[in-house]
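Survey of secondary and tertiary structure
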Amino acid sequence: MWTTDSSRSSPLFLTSAFNVSWALQFESSPPPATAMSSGSTTAPTPKKRRTYVRELQGPPQSESVPGKCLFPTLPLELLAEILIQTNSPRDVLSVARTSKLLCSTLVCNPAADFIWRTIRKNCLPHSLPDPTPNFSEAAYAAFVYDGGPCDVCKEDTKNFYASFAIRFRLCRHPRCRTGIRKHLMDVTTIFKGRAREEIWVPYMESTHCFDPIFNKAWPENPTILMKKSDWERFRADYAAFSALSPPPSEELQKACTDQIAKFPKVMELAVALQKWKSTYVTMHSTIKTKNEQWAKALAAQEGWDGDDLLHSQSYGSLHRHKNHVLEEVTLRDFLPIKPLIEDQLLKMQIHRQNQENETSYRQRRNDVEQYYNRLRSAGTVVPSLYEFRKLSVMTTMQGSVTGSRPNSSGLAKDMKNSALVAELVAADLKTWMASAREKLSELLGFPKWRSASKTKLHPLDRITARFMCQGCGKVAKRYEKERCLDFPGVCAHECLSNHKKDRKQVDWSVDRFVKDDEASNAVARLLTLVGITDEDTNASNTVKMLGARIRCLSCEHAFIIMDFPTLIGHSHRHDDMQMVILPEGGGSEYPFAAGLSARLRNMGSKSQKLRSEVNYRCRHCIPASKSADAGTDGEGQVSAGESIAKESHTEDSQTEDSQTGNQNGRQRIRKNKFRSMDFNALRSHLKEVHRIEMVSDEDFFVQTPAK
């Protein structure tokens with residue numbers, strides 16, 4: 001049977017916050033009188049002793065203090081006249097849930113039941129059926145109108161019960177409607193037509209409770225669907241009630257018989273509520289359709305957009321409220337708020353236009369960036385993207401958010417295929433680089449350089465042209481190994497602001513760059529050893545063909561070999577780097593792995609695994625004599641690997657002898673400087689022992705080649 005807890009009619013049951021459908025009126029209380037009559041005589045007020053405790057200051061006198069709400073203090077007769085006009089028990093529930101006083105007046109006061117009954121009989125679409133005796137009027141209204149959690153997905157919903165008999169609720173999600181069978185139990189075959197005589201627990205009114213059209217309801221409905229949780233509790237009681245041996249007790253038999261006698265009233269109310277809900281849903285759908293058609297006609301008459309009208313704040317609230325209370329929107333409701341709706345629609349149009357402008361501007365900027373990337377891929381010397389956007393052609397192409405707006409749909413195609421655009425961009429780039437080339441040429445010692453020869457390179461195009469930014473001292477990722485910039489790198493260099501909170505890009509200026517003398521002198525010395533000059537167009541390819549045959553003589557303690565890009569970065573470790581070119585096949589036994597340090601510094605999982613391998617050795621710890629003699633043929637010569645193994649064996653023997661001779665004392669074992677390390681240990685070793693901050697390819701080698 002339906003059972004109603006005492007909490008359903010208590011104030012705690014009606015404590016949810018709901019919006020009241022009418023405005024509460026406030027009245028400010030008069031200020032207390034402080035003036036005294038002129039004829040009265042009083043003793044002077046003694047002065048208070050000054051203290052150092054700072055008193056709390058009240059609100060300023062200019063601020064208005066809200067008065068006391070007088071609506072809850074209205075007599076019950078006036079309150080009833082106001083609430084009866086709402087014609088909806090849902091509105092009375094909302095008022096009762098606004099304060100404890102109103103809840104006590106409307107819920108806990110039997111004298112207020114006539115309000116609930118009158119509204120229940122006048123509500124739409126027609127009067128609600130009378131409740132069973134176990135319901136109070138307030139609890140019955142909450143039972144019909146309140147929402148709750150969906151029995152399938154457990155999400156809160158404002159829908160009515162799908163089945164009032166078993167109190168089964170569904171949300172609007174289609175997935176929940178297809179999964180209801182998992183929560184229901186079909187027990188039709190268990191009772192075999194004896195359900196009305198033996199079942200006292202409510203079951204589903206009809207199998208069409210979840211359909212818009214409600215039919216074939218109890219008692220004509222032969223199918224018995226129960227909640228699985230209700231069935232588990234009912235099965236134990238039913239087994240004891242229907243058992244023949246031992247027979248049920250008189251108390252159990254009487255209790256079950258009484259429940260069976262009350263069962264038809266419960267099911268009759270549930271069926272009546274289902275029919276009322278079906279009529280309510282049909283009327284709500286009809287009212288909603290009419291209000292939407294009225295809104296479209298109004299929008300067409302006023303020249304507005306129909307969707308904008310329904311989504312405006314003022315009319316949208318009115319439209320949803322009228323649908324909620326099953327009323328049609330009329331001109332009487334619309335005319336008072338027409339100016340406000342006009343302002344809101346205008347703001348919506350401006351906002352939409354701004355969004356379209358921003359989208360178009362963003363698309364044009366993306367097209368310019370794609371064009372910039374194509375120029376860089378083709379090998380064209382271009383400035384940074386930040387400076388490239390400032391070119392006159394690109395400024396015209398991009399336009400602005402509020403200013404000129406070229407056609408965004410055809411911009412990318414025009415920039416890709418138009419020869420005129422290519423010529424204009426080339427002219428702007430030539431103008432932009434003219435002053436930069438002149439200034440940088442002066443830094444290299446070639447002011448106003450001119451030459452009639454077509455085979456001589458411009459000073460800025462030579463491999464000896466190396467620069468550094470004195471503003472930030474940083475280089476792009478592609479120049480990490482060289483740690484300096486060539487002319488294309490200078491043009492594309494980006495400097496960020498030093499302000500930590502505002503890392504904006506600084507405007508490019510040629511005055512921020514200086515010549516890198518260390519790198520330029522090292523490259524010039526290498527070209528002298530090769531026997532060519534930096535004016536030669538094949539100079540770059542010639543030095544790259546040398547491979548890892550360049551040995552640094554300034555590192556006297558070790559045999560350090562490198563290739564040409566590594567040479568440029570290594571030159572910053574010496575003021576005047578000396579070098580020699582080794583003959584082919586005369587390099588060190590330990591191979592040079594170009595790009596390995598950058599690969600190990602990567603943040604990927606594969607690089608992390610390589611860093612953890614104990615597979616790296618320091619070149620600076622191997623004496624230059626051993627490295628130079630390693631791998632040579634001849635009697636009496638041994639490889640570096642044999643030398644290392646021999647030295648390690650000697651040190652181990654000395655350690656064992658020391659431990660044997662001094663068993664009671666601790667001996668410090670000297671570390672093997674030729675030991676293998678992981679990459680992190682190698683970096684710490686190079687920083688602590690050799691004062692090398694940035695690890696490069698020439699500083700270490702791999703014991704076994706890395707995969």
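Note that the coordinates shown come from a computational prediction; the quantities given were computed from them, not determined experimentally.

Another point: the overall build of the protein chain. Summing up its helical and strand segments, the protein chain has 27 helices and 15 strands in all. Scored against the burial criterion, the 707 residues of the protein chain give a buried share of 37%. Here the contacts in the protein chain between residues at least 6 apart in sequence split such that 67% fall between residues at least 24 apart. Total accessible area computed for the protein chain in this model is approximately 43,000 Å², and 51% of it derives from carbon and sulfur atoms.

Right, let's get into the side chain of His 570. Locating His 570 in the fold gives a position in helix α22 (residues 564–570). There is a polar contact of 2.9 Å between the side chain of His 570 and the side chain of Glu 698. Setting aside anything within four residues of it in sequence, one finds His 570 in contact with Arg 483, Cys 552, Cys 555, Ile 560, Met 562, Met 577 and Glu 698.

Time to look at the packing of aromatic side chains. Tallying each qualifying case throughout the model produces 19 aromatic pairs. When the centroid spacing of 5.8 Å and the interplanar angle of 80 degrees are considered together, the rings of Phe 160 and Trp 276 count as edge-to-face. Here the residue Phe 160 occupies a position in the loop between β4 (156–157) and β5 (161–163), and Trp 276 occupies one in helix α10 (residues 250–302), the gap between them amounting to 116 residues. For Phe 160, a relative accessible area of 13% corresponds to the buried category. Both rings, one in Trp 294 and one in Phe 334, keep their centres 6.3 Å apart while their planes meet at 75 degrees; by these two values the pair is edge-to-face. Taken together, the positions of Trp 294 in helix α10 and Phe 334 in helix α13 (residues 331–334) put the pair 40 residues apart, joining distant regions of the chain. For Trp 294, a relative accessible area of 24% puts it in the partly exposed group. Each residue in the set Phe 135, Tyr 140, Phe 143, Tyr 161 and Phe 164 is aromatic and connected to the rest through ring pairs, giving one cluster. Sitting above the plane of the Tyr 161 ring, Arg 169 keeps its charged end 4.0 Å from the centroid.

Note on placement: Ser 312 falls in the loop between α11 (306–311) and α12 (313–324). Only 2.7 Å separates the side chain of Ser 312 from the backbone oxygen of Leu 309, close enough to count as a polar contact. Once residues within four sequence positions are removed from consideration, Ser 312 is found in contact with Ser 317, Ile 341, Gln 344, Leu 345 and Met 348.

Attention now goes to the sheet that holds strand β12 (residues 560–562). What the 3 strands build is an open sheet, ordered β12-β11-β13; its pairing is antiparallel. Edge positions in the open sheet fall to β12 and β13 (579–581), since each of these has one partner strand only. When strand polarity is set aside, the average angle formed by the axes of neighbouring strands in this sheet is 30 degrees. Contacts between helix α20 (residues 517–530) and the sheet are confined to β11 (550–552) and β13, with β13 contributing the most and set at about 35 degrees to the helix.

What follows covers the pattern of salt bridges. A full pass over the atoms with the stated rule returns 21 salt bridges. For Lys 390, the salt bridge identified is with Glu 387, shortest N-O distance 3.6 Å. The salt bridge partner of Asp 461 is Arg 437, with a shortest N-O separation of 4.0 Å. Linking Asp 461 in the loop between α18 (419–444) and β9 (467–469) with Arg 437 in helix α18, this pair joins segments that are 24 residues apart in sequence. Assessed through its relative accessible area of 25%, Arg 437 is described here as partly exposed. One continuous salt-bridge network, built from bridges that share partners, spans Arg 120, Asp 130 and Glu 137.

Glancing now at unusual backbone geometry. In this chain, Leu 124 is followed by Pro 125 through a cis amide linkage whose omega measures 5 degrees. Note that Pro 125 resides in the loop between α4 (113–122) and α5 (137–145). Although it is not a glycine, Arg 483 adopts a positive phi angle of roughly 60 degrees.

Between α12 and helix α14 (residues 338–377), the shortest axis-to-axis distance is 7 Å and the interhelical angle comes to 120 degrees. The orientation of α12 with respect to α14, classified from their angle, is oblique. Contacts between α12 and α14 involve Gln 313, Ser 314 and Tyr 315 from the first element and Leu 340, Ile 341 and Gln 344 from the second. Of the residues contributing to the contact of α12 with α14, the split by class is 3 nonpolar, 3 polar and no charged.

Moving on to the nonpolar core. Side chains that are nonpolar tend, in soluble globular proteins, to be buried together. Counting 52 residues, the largest nonpolar core has Leu 106, Val 144 and Phe 234 as its most contacted members. For this core, the secondary-structure elements that each account for two or more residues are α1 (76–84), α2 (89–96), α3 (100–106), α4, α5, α9 (228–241) and α10. Top element by residues in this core is α10. It accounts for 9 residues. Ignoring anything within four residues of it in the chain, the contact list for Val 144 reads Leu 128, Phe 160, Phe 164, Leu 273 and Trp 276. Counting residues in each nonpolar core, the second largest holds 34 residues, with Leu 375, Leu 385, Trp 432 and Val 510 among its members.

Our next topic: α2. Buried residues dominate α2, accounting for 8 of its 8 residues. In the core, the buried residues of α2 are packed alongside α1, α3, α4, α5, α10 and α12.

This next bit is on the environment of Lys 504. Its location among the elements puts Lys 504 in the loop between α19 (487–491) and β10 (513–515). Relative accessible area serves as the criterion here: at 55%, Lys 504 is assigned to the exposed category. Ignoring sequence-local partners within four residues, the contact set of Lys 504 consists of Cys 495, Leu 496 and Ser 497.

Time to look at the packing of α10 against α12. Two numbers describe how α10 lies on α12: the axes approach to 9 Å, and their chain directions differ by 155 degrees. In terms of their interaxial angle, α10 and α12 are classed as roughly antiparallel. You can see that α10 and α12 cross each other, and the crossing is right-handed. Here Tyr 280, His 284, Ile 287, Lys 288, Asn 291, Glu 292, Trp 294, Ala 295 and Leu 298 of α10 come into contact with α12, specifically with Tyr 315, His 319, Lys 322, Asn 323 and His 324. Of the residues that constitute the contact of α10 with α12, the class distribution is 6 nonpolar, 5 polar and 3 charged.

Another aspect to go through is the confidence of the model for the protein chain. Per-residue confidence for the protein chain gives a mean pLDDT of 80, with 77% of residues at or over 70. In this model residues 1–42 is a low-confidence stretch, pLDDT under 50, and it forms 69 contacts with partners more than four residues away in sequence or in other chains. Confidence drops under pLDDT 50 across residues 52–58; counting only partners more than four residues distant or on other chains, this segment forms 0 contacts.

The set of residues buried in α4 consists of Ile 115, Trp 116, Ile 119 and Arg 120. Taken down its axis, α4 places every buried residue within 125 degrees of arc, on the same side.

This paragraph deals with the environment of Tyr 361. Structurally, Tyr 361 can be placed in helix α14. The residues contacting Tyr 361, other than those within four sequence positions of it, are Gln 398, Gly 399, Ser 400 and Val 401.

Rules behind the numbers
Residues numbered from 1 in each chain as written. Predicted model: local features only at pLDDT ≥ 70, side-chain atom pairs only at ≥ 80, totals over all residues. Heavy atoms only, no water. Helix = DSSP H or I, 4+ residues; strand = E, 2+ residues; numbered from the N terminus. Buried < 20%, exposed > 50% of the residue type's maximum accessible area, 1.4 Å probe, protein only. Contact = heavy atoms within 4.5 Å. Areas by Shrake-Rupley, 256 points an atom, 1.4 Å probe, with all protein chains shown as cover. Polar contact = N/O pair within 3.5 Å; in protein donor to acceptor, adjacent residues only side chain to side chain. Phe/Tyr/Trp six-rings, centres within 6.5 Å; stacked < 30°, edge-to-face > 60°. Lys NZ or Arg CZ within 6 Å of the ring centre and 35° of its normal. Pairing = 2+ DSSP bridges. Axes fitted to C-alpha atoms, helices over the stretch in contact; angles between N-to-C directions. Salt bridge = Lys/Arg side-chain N within 4 Å of Asp/Glu carboxyl O. Parallel < 35°, antiparallel > 145°, perpendicular 65-115°, else oblique. Nonpolar A, V, L, I, M, F, W, Y, C, P; charged D, E, K, R; others polar. Core = buried A, V, L, I, M, F, W, Y, C linked by side-chain atoms within 4.5 Å. Left-handed = near helix turned anticlockwise from the far one by under 90°. pLDDT = per-residue confidence, 0-100. Arc of directions from axis to C-beta.

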